[in-house]
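Examination of the molecular architecture
The primary structure of each chain is shown beneath.
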Amino acid sequence: MHIAIIGAGISGLMSALELAEQGCSVDIFDQQLAGQAASWAGGGILSPMYPWRYAPEVNQLAQYGKPLYQTWNEKLLPITGIDFQIHDTGMLIFDKEDFEIGLNYASRYQEPMQQCELLNRPKLENINPYISQKFQQAIYFPQLSNVRNPRLLQSLICYLKQHPAVRFFDQCPVKKLIIQNKKVLGIETEDGRKFSADHVVITSGAWSQKWQQQIQCHIPVHPVQGQMLLFKTPENWLPTMCMNRVMYLIPRQDGHIVCGSSMADTGFSTAVDEHTQQDILSACLEMVPELAQFPIVKRWAGLRPSSPQGIPYIGAMPELENLWANFGHFRNGLCMGSGSARLLRQLILGQETLVDPNAYSPSRLKQQNLISC
Ligand SMILES: Cc1cc2nc3c(=O)[nH]c(=O)nc-3n(C[C@H](O)[C@H](O)[C@H](O)COP(=O)(O)OP(=O)(O)OC[C@H]3O[C@@H](n4cnc5c(N)ncnc54)[C@H](O)[C@@H]3O)c2cc1C
């Protein structure tokens, strides 16, 4: 079975991996270099932030993130030499209004990753000595981890590029789908080349609305910009991830600390601005004042593929045969990435699915009388 995948972020790369490992041949296209968009820009927290604020469908897929990435890391590492470092740091949350709700959520759902306890100041200092005196309590999630997402992407790209059944087309924007009698037969690239495929998968993240005219279906996915900044501290300096008022610190093993993030509608702009960067910096220093002594080594922005309630579209697209979706992961595309791709592969190949697929079905997308192009 031959599959064409449009977009080489985490959604496209993981889908390619799942399908290639099941014996499919895969062509994967990206309009820029593979793995440079939102999936590179993200923080890599392997859980929705404040899971009780998200739909159960989001939390359900996110639960598969860490265990599946662990298995893939073990498999890919000997071939690629790239360890994408699933870093078990746990997380502290300082938002007082979330303490009770978080504790209740943990005891109600019993999800292993969401177990938490309320810490007083001495216990808090024991777990992370750098937290500001301003915070006398926190809820602590010892099971939460982060993945070094740029390395995860590098590993996937490296593995897939040496895979005999996979062809990569970097800097090769897909212009349109080739459709005949309500059946998708392949894709055409901007430079006029045509590629046939048994199935086509849309994994084009924040750019997914591009397809709505051609397939005459409203796709409510648009870019929401998130800015980040990066500190460099000594190795393993900050022991835990920290979160307050939706701003977070994510320590990597080598001492880099990813800090973010903002939310803004800026179209497809990935420019950073001083005002937003200051907001992120203040929020981070409020949690860990001693960070001020370390250099900021990078700033960037990425475009999240927002969707209603952040529930991604995974499965067969309505009305057209052989067209599939895996897009619209909004703030949680890294933690949902491995589970989403597994679900997609199971649906395409007619296998038993790891979760009930109905909640993610693109049949939620409404048909519209858009002008055909
Ligand atoms: C600042 C920030 C922090 C985040 N933190 C986290 C986090 O901690 N945890 C978490 O789980 N998630 C996080 N996210 C969200 C996560 O990064 C996204 O949900 C996820 O990366 C989306 O992956 P994707 O593959 O769908 O999209 P992308 O990574 O954007 O990939 C889409 C790809 O499609 C390509 N493409 C588009 N149109 C075409 C076309 N016509 N032809 C060819 N190629 C095309 C693009 O070039 C792009 O490479 C964060 C995001 C941001 C921006």
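These numbers were taken from a predicted model, which means no experiment stands behind them.

**Some remarks on the side chain of Ser-208**
Here Ser-208 shows up in the loop between strand S12 (199-202) and helix H8 (212-215). Relative accessible area serves as the criterion here: at 0%, Ser-208 is assigned to the buried category. The residues contacting Ser-208, other than those within four sequence positions of it, are Ile-202, Ile-219, Val-221 and Phe-327.

**Looking at the pattern of salt bridges**
For the coordinates displayed, the defined rule picks out 13 salt bridges. Across the pair Lys-66 and Asp-88 runs a salt bridge whose closest N-O atoms are separated by 3.0 Å. With Lys-66 in helix H4 (residues 65-80) and Asp-88 in the loop between strand S3 (86-87) and strand S4 (91-93), this residue pair connects regions lying 22 residues apart in the sequence. Owing to a relative accessible area of 12%, Lys-66 belongs among the buried residues under this scheme.

**Remarks on the sheet that holds strand S11 (residues 194-196)**
An order of S9-S10-S11 is seen for the 3 strands of this open sheet, with the pairing classed as antiparallel. The open sheet has two edge strands with one neighbour each: strand S9 (174-180) and S11. Strand-to-strand twist in this sheet, taken as the mean axis angle between neighbours without regard to direction, amounts to 30°.

**Brief notes about the pairing of strand S14 (residues 241-244)**
By the alternation rule, side chains of S14 split into Met-241 and Met-243 and Cys-242 and Asn-244, which are all buried. When S4 meets S14, the two strands line up parallel, connected through 3 bridges. Note on S14: the bridge partner recorded for Met-91 is Met-241. In this sheet, strand S15 (residues 247-251) lies alongside S14 in antiparallel orientation, the contact comprising 3 bridges. By the bridge assignment for S15, Cys-242 is matched with Leu-249.

**Some remarks on the site of the ligand**
The local shell around the ligand holds 40 residues, among which Ser-11, Asp-30, Ser-39, Phe-330 and Cys-335 are the closest. Contact distances for the ligand include 2.9 Å between a nitrogen atom and a backbone N or O atom of Arg-331. Taking 1,000 Å² as the accessible area of the ligand by itself, protein coverage stands at 99%. For the shell around the ligand, the elements supplying multiple residues, two or more each, are helix H1 (10-20), helix H2 (38-41), strand S13 (222-232) and strand S17 (296-306). Taken together, the residues of the shell around the ligand sort by class into 18 nonpolar, 18 polar and 4 charged. Each of two domains, domain 1 (2-52 + 150-220 + 309-369) and domain 2 (91-143 + 222-306), supplies a minimum of three residues to the shell around the ligand.

Criteria and thresholds
Residues numbered from 1 in each chain as written. Predicted model: local features only at pLDDT ≥ 70, side-chain atom pairs only at ≥ 80, totals over all residues. Heavy atoms only, no water. Helix = DSSP H or I, 4+ residues; strand = E, 2+ residues; numbered from the N terminus. Buried < 20%, exposed > 50% of the residue type's maximum accessible area, 1.4 Å probe, protein only. Contact = heavy atoms within 4.5 Å. Salt bridge = Lys/Arg side-chain N within 4 Å of Asp/Glu carboxyl O. Pairing = 2+ DSSP bridges. Axes fitted to C-alpha atoms, helices over the stretch in contact; angles between N-to-C directions. Near = heavy atom within 4 Å. Polar contact = N/O pair within 3.5 Å; in protein donor to acceptor, adjacent residues only side chain to side chain. Areas by Shrake-Rupley, 256 points an atom, 1.4 Å probe, with all protein chains shown as cover. Nonpolar A, V, L, I, M, F, W, Y, C, P; charged D, E, K, R; others polar. Domains from an automatic or database assignment.

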